[in-house]
Amino acid sequence: MEWLHEQDQFWDKFSQELQCSLWGAEVWGDLSYYNNGQECQARLARYAEAVRRCLDWLNAHRAEVFAAIEEEGLYDDALEALENMQDDDYYTQTIEEDGRSYLLVEGCDRFPLPYWKEDFFNSLVPGSLTFSADHKSTEFTLDMFLDTKPEIFVGHSIEVFLDGDFSLEEPAYNITVNGLAG
């Protein structure tokens, strides 16, 4: 894949779009690499390979990302958001279907009641991925936005950072959940 190259006063920016499969969904992402004028083609190749390994790791370690989201309290936030929706009778109604209750919000989003953790985690879908790195080290950051379908956080996404090092043969990542964004 070709890298797009932009040059400004201080940096050379190399970037490329990426289409990938993450947790069964097709997702678009962006890779950016900032350089200070040094020859960097070999580093770009290692970085692109590290991104592919990171995506493989994410596909195999979805549960670890979800555990970090739960630890940050976002399932509890989802329950609170759902409770607030239920309190607003003007925009919501409760329906029964196939032996289960659902909250219908504005006639389109439909939430099962009770809303279990499994429902919440099954609703998470990757929205966008942005990988970035620079010439100062071999570390990179993934900024990942996870949306919910149906949309429980009213236009907001869960922001998750994954830090890695593209010089390592075996992947090792730090997961940080930044809460809601948008």
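The following refers to the structure shown. Remember, it's a predicted structure, so these values are computed and weren't measured experimentally. (Residues numbered from 1 in each chain as written. Predicted model: local features only at pLDDT ≥ 70, side-chain atom pairs only at ≥ 80, totals over all residues. Heavy atoms only, no water.)

### Considering the packing of aromatic side chains
- Under the defined criterion, the tally for this structure stands at 12 aromatic pairs.
- Where Trp 57 meets Tyr 173, the ring centres are 4.9 Å apart and the plane angle is 55°; that geometry is what we call tilted. Of this pair, Trp 57 sits in helix H1 (residues 41-60) while Tyr 173 sits in the loop between strand S9 (157-165) and strand S10 (174-181), placing them 116 residues apart in sequence.
- On the basis of relative accessibility, which here comes to 12%, the residue Trp 57 falls in the buried class.
- What makes Tyr 173 buried here is its relative accessible area of 15%.
- Geometrically, the ring pair formed by Phe 120 and Phe 121 is edge-to-face, given 5.0 Å between the ring centres and 65° between the ring planes.
- Owing to a relative accessible area of 10%, Phe 121 belongs among the buried residues under this scheme.
- One aromatic cluster is present, built from ring pairs that chain together Trp 3, Tyr 33, Tyr 47, Trp 57, Phe 131, Phe 140 and Tyr 173.
- One residue, Arg 110, lies across the ring of Tyr 102, its end atom 4.1 Å from the ring centre. (Phe/Tyr/Trp six-rings, centres within 6.5 Å; stacked < 30°, edge-to-face > 60°. Helix = DSSP H or I, 4+ residues; strand = E, 2+ residues; numbered from the N terminus. Buried < 20%, exposed > 50% of the residue type's maximum accessible area, 1.4 Å probe, protein only. Lys NZ or Arg CZ within 6 Å of the ring centre and 35° of its normal.)

### Re unusual backbone geometry
- Residue Pro 114 is reached from Leu 113 by a cis peptide bond, and omega for that bond is -10°.
- Topologically, Pro 114 is positioned in the loop between strand S6 (109-113) and helix H4 (117-123).
- A cis amide bond, omega 5°, links Lys 149 with the succeeding residue Pro 150.
- By the element assignment, Pro 150 lies in the loop between strand S8 (139-148) and S9.
- The backbone phi angle of Trp 23 is positive, close to 55°, even though this residue is not glycine.
- Tracing the backbone shows Trp 23 in the loop between strand S2 (12-22) and strand S3 (25-35).
- For Asp 98, which is not a glycine, the phi torsion comes out positive at approximately 55°.
- Residue placement: Asp 98 occurs in the loop between strand S4 (92-97) and strand S5 (100-105).

### Topic: H1
- The end-to-end C-alpha separation of H1 is 29 Å, in line with the 28 Å expected for 20 residues at 1.5 Å each.
- Buried within H1 we find Leu 44, Tyr 47, Ala 48, Ala 50, Val 51, Cys 54, Leu 55, Trp 57 and Leu 58. (Expected span 1.5 Å × (residues − 1).)

### Considerations on helix H3 (residues 74-87)
- Taking 1.5 Å per residue as the helical rise, H3 with its 14 residues ought to reach 20 Å, and the 20 Å between its terminal C-alpha atoms agrees with that figure.
- Within the span of H3, buried status applies to Leu 74, Tyr 75, Ala 78, Ala 81, Leu 82 and Met 85. End-on, the buried residues of H3 take up no more than an arc of 115°, which puts them together on one face. Away from its buried face by more than 90 degrees, H3 exposes Asp 76, Glu 80 and Asp 87. (Arc of directions from axis to C-beta.)

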